[in-house]
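Examining the three-dimensional arrangement
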Amino acid sequence: MQNGSNENLELFNAINNPNLACILVDNPVAVISNTDGIYDNWFKDDSSSYKTFCSDADNDGIPNEDDLCPTTEFGAAVDLFGCAIPNLPNDNFAISITGETCLNSNNVKITIVAQELYTYDVLLEREDFYEEYNFTNDIDIFNLLAGTYQMCVTIEEWPNYESCYTIVITQPDPLEIFTCRVINTNDFSLNMSGSNSYNIKFNGDAFTTHSSAITLQLEEGVNRVEVSTDLECQGVYKDLIILTDDFLVYPNPFRDEIKINNGKEGGEVIVNIYSTIGQLVLNKTYINQGIEIRVDTSSLPTGMYLISIQTEAIVSTYKIVKK
């Protein structure tokens, strides 16, 4: 009778066969329960049984020689060894994960809610972590690190049951800003990553953008830009951009270093420092790349000096003081 299409057989009659003890069918549970009436016209003697295997004492579809639980209740779901397993709904476990709010904050939470009430045991592990928990209806697991975990749930009432999951816990990316100046223009580009929105402060104006790349128009003089996100822990990016034909020399007074900036690119910059009696005490040549030039002045004694900054277009002289 096992032909893969028992439901299409409209009539089956095996009555008056006293020596017939086993009738092999596709699905004994379906035939015996006959919940939809398909097998209304199937008849047999009480001494015979519908089975998947004739050597199957509890009629669970597992042959006696492979059945570790030979007295399983009829109709119960069983594993490969013939032992009953809980007939849980596919969505019995609702698992939610709250990722890290900030890098290395270790405040991840896993929440498990079960529809069916049993005594559940949870094993959560990864390379450097191993913990066991138990619950009946729901549980919150707190203070986890970001990473990939293996989580297995077992049921104390059903020792052969196990359901395992791979849990991936994320953390926010760091705030990263890449800037670009376009030569001979006032364009200043920001390329940003680490968030879906960015809070920008530029020369006193504040706005929010969801774009990861924007271009600002620099003004003559000192330009200040700040970039942050809604996560305070990601920090604040700050930049100072100077756009001027003249040079800005700072700090003044200085100690072991002077910074020179005019925010424009191209050409050589010759730096000469003179004592108050006109003696040349330092001479350096730099390539102006539109960023600040750092001049090492650690060898100079304290006192007053004149610094001369020369390019192809201009020569500027400033009085400076070393503390």
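Not measured: the values here are computed from a predicted model.

Before going further, it helps to examine the domain arrangement of the protein. Interface size, as often reported, equals the accessible area lost upon joining of the parts. Structurally, the protein comprises domain 1 (6-51), domain 2 (93-169), domain 3 (176-243) and domain 4 (248-322). Here the C-alpha centre of domain 3 lies 41 Å away from the C-alpha centre of domain 2.

Right, let's get into the sheet that holds strand β15 (residues 205-209). Whenever strands of a sheet pair, they do so through backbone hydrogen bonds, lying parallel or antiparallel. Across the sheet, four strands lie side by side as β15-β14-β17-β18; this open sheet has antiparallel pairing. In the strand order of this sheet, the two ends are held by β15 and β18 (237-243), each with one partner. Neighbouring strand axes in the sheet, compared pairwise and without regard to direction, differ in orientation by 20° on average. By the bridge criterion, five bridges tie strand β14 (residues 198-202) to β15 in an arrangement that is antiparallel. Looking across to β15, one finds that Lys201 is bridged to Ala206.

Read across the sheet, three strands follow the order β12-β13-β16 without closing on themselves; strand pairing throughout is antiparallel. Bordering the open sheet on either side are β12 (176-181) and β16 (213-217), each of which pairs with just one other strand. Adjacent strand axes in the sheet meet at a mean angle of 25° when their direction is disregarded. Bridge analysis of β12 against strand β13 (residues 187-193) gives six bridges, and the strand direction is antiparallel. By the bridge assignment, Thr179 is partnered in β13 with Leu190.

A separate point is the state of the cysteines. In this structure the tally under the stated criterion is four disulfides. A sulfur-sulfur distance of 2.0 Å marks the disulfide that ties Cys22 to Cys54. With the S-S dihedral at roughly -90°, the linkage between Cys22 and Cys54 falls on the left-handed side. With a gap of 32 residues between them, Cys22 in strand β2 (residues 22-24) and Cys54 in the loop between β4 (49-51) and β5 (93-98) connect regions that are remote in the sequence. Shown here is the disulfide that connects Cys69 with Cys83, its sulfur atoms set 1.9 Å apart. Since a negative S-S torsion denotes a left-handed disulfide, the Cys69-Cys83 link at about 80° is right-handed. One end of the pair, Cys69, is in the loop between β4 and β5; the other, Cys83, is in the loop between β4 and β5, and 14 residues separate them in sequence.

A word on a nonpolar patch on the surface. A cluster of nonpolar side chains, Leu11, Ile15 and Phe43, forms an exposed patch at the surface whose accessible area comes to about 270 Å². Mapped onto the elements of the fold, Phe43 is located in strand β3 (residues 42-44). Judged by relative accessible area, Phe43 falls into the partly exposed class, the value being 34%.

Two elements, strand β7 (residues 120-126) and strand β10 (residues 147-155), share six bridges in a ladder whose sense is antiparallel. Bridge pairing links Leu124 to Met151 in β10. The turn linking β10 back onto strand β11 (residues 158-169) is made up of two residues.

Nonpolar side chains in soluble globular proteins tend to end up buried together. Of all hydrophobic cores here, the largest spans 21 residues; its most connected members are Phe93, Ile110, Ile112, Tyr120, Phe135, Leu144 and Ile169. In this structure Tyr120 touches Leu88, Asn92, Phe93, Ala114, Tyr133, Asn134, Phe135, Thr136, Val153, Thr154 and Ile155, once residues within four positions along its chain are discounted. If you look at the next biggest cluster of nonpolar residues, it comprises 18 residues, including Val271, Leu282, Tyr318 and Ile320.

Analysis parameters
Residues numbered from 1 in each chain as written. Predicted model: local features only at pLDDT ≥ 70, side-chain atom pairs only at ≥ 80, totals over all residues. Heavy atoms only, no water. Domains from an automatic or database assignment. Pairing = 2+ DSSP bridges. Helix = DSSP H or I, 4+ residues; strand = E, 2+ residues; numbered from the N terminus. Axes fitted to C-alpha atoms, helices over the stretch in contact; angles between N-to-C directions. Disulfide = S-S within 2.5 Å. Patch = residues over 30% accessible without salt bridge, like charges linked within 9 Å, V, L, I, M, F, W, Y side chains within 5 Å. Areas by Shrake-Rupley, 256 points an atom, 1.4 Å probe, with all protein chains shown as cover. Salt bridge = Lys/Arg side-chain N within 4 Å of Asp/Glu carboxyl O. Buried < 20%, exposed > 50% of the residue type's maximum accessible area, 1.4 Å probe, protein only. Core = buried A, V, L, I, M, F, W, Y, C linked by side-chain atoms within 4.5 Å. Contact = heavy atoms within 4.5 Å.

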